[in-house]
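Breakdown of the fold
Letter by letter, the chains look like this.
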Amino acid sequence: VFRLNRYVSHLIRVRWQERRQAEVLEYKDILDRLLQVYETEFPGETVLPEAAVKQFRDEMKTFMLAGHETSAAMMTWALYELMGNDSLRQEVID
């Protein structure tokens, strides 16, 4: 957990610095959206406080890990349903 926290925190800080240096901001992913909201709420901030890094880190971990589990459960259920319906399974194959 410590290594994951350190890695994700590093990514957040790097992205924050990239956004500070960019003339035109690109929105690549959900992290950019989180940072955009922070910038709107706290305009002019040049340093991202540690509390914000921790909050963003926890939100990103929850999004990634919970999203993975949800997707896996959905795929399992979809495959289960396909196995019980021959005509639908054949449509998917075709």
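Residues numbered from 1 in each chain as written. Predicted model: local features only at pLDDT ≥ 70, side-chain atom pairs only at ≥ 80, totals over all residues. Heavy atoms only, no water.

This part covers the confidence of the model for the chain. When pLDDT is averaged along the chain, the result is 89; 100% of the residues meet or exceed 70. The spread of mean pLDDT over the elements of the chain runs between helix α3 (residues 50-83), the lowest at 88, and helix α1 (residues 2-21), the highest at 93. (pLDDT = per-residue confidence, 0-100. Helix = DSSP H or I, 4+ residues; strand = E, 2+ residues; numbered from the N terminus.)

All right, on to the environment of Gln 17 then. Inspection of the secondary structure assignment puts Gln 17 in helix α1. The exposure class of Gln 17 is partly exposed, given its relative accessible area of 38%. (Buried < 20%, exposed > 50% of the residue type's maximum accessible area, 1.4 Å probe, protein only.)

As a further point, take the packing of α1 against α3. Closest axis-to-axis distance for the α1/α3 pair is 9 Å, and the angle between their directions is 115 degrees. The angle between the axes of α1 and α3 places the two elements in the roughly perpendicular class. Note that α1 runs across α3; the crossing there is right-handed. Of the residues in α3, those in contact with Leu 4, Asn 5, Val 8, Ser 9, Ile 12 and Arg 13 of α1 are Glu 50, Val 53, Phe 56, Arg 57, Met 60 and Lys 61. (Axes fitted to C-alpha atoms, helices over the stretch in contact; angles between N-to-C directions. Parallel < 35°, antiparallel > 145°, perpendicular 65-115°, else oblique. Left-handed = near helix turned anticlockwise from the far one by under 90°. Contact = heavy atoms within 4.5 Å.)

Turning to α3, a few remarks are in order. Taking 1.5 Å per residue as the helical rise, α3 with its 34 residues ought to reach 50 Å, and the 49 Å between its terminal C-alpha atoms agrees with that figure. Those residues of α3 not exposed but buried are Ala 52, Val 53, Phe 56, Arg 57, Met 60, Lys 61 and Leu 82. Next to the buried residues of α3 lie α1, α2 (30-41) and α4 (86-93). (Expected span 1.5 Å × (residues − 1).)

Once that is clear, we can look at the packing of α1 against α2. At their nearest, the axes of α1 and α2 sit 11 Å apart, and the two run at 60 degrees to each other. Our classification of the angle between α1 and α2 gives oblique. The handedness of the crossing between α1 and α2 comes out as right-handed. Between α1 and α2, the contacting residues are Leu 11, Ile 12, Arg 15, Trp 16, Arg 19 and Arg 20 on the first element and Leu 31, Asp 32, Leu 35, Gln 36, Tyr 38 and Glu 39 on the second. Residue classes in the contact of α1 with α2 are distributed as six nonpolar, one polar and five charged. (Nonpolar A, V, L, I, M, F, W, Y, C, P; charged D, E, K, R; others polar.)

A word on the pattern of salt bridges. By the definition in use, this model includes ten salt bridges. Glu 50 is the partner of Arg 13 in a salt bridge, and the nearest nitrogen-oxygen pair spans 2.6 Å. Here Arg 13 is found in helix α1, whereas its partner Glu 50 is found in helix α3, with 37 residues between them in sequence. For Arg 13, a relative accessible area of 35% puts it in the partly exposed group. For Glu 50, a relative accessible area of 48% gives the class partly exposed. Residue Arg 57 is joined to Asp 58 by a salt bridge in which the shortest nitrogen-to-oxygen separation is 3.6 Å. Relative accessible area serves as the criterion here: at 27%, Asp 58 is assigned to the partly exposed category. Here the salt bridges do not stand alone but share partners, grouping Arg 15, Glu 18, Arg 19, Arg 20, Asp 29, Asp 32 and Glu 39 into one network. (Salt bridge = Lys/Arg side-chain N within 4 Å of Asp/Glu carboxyl O.)

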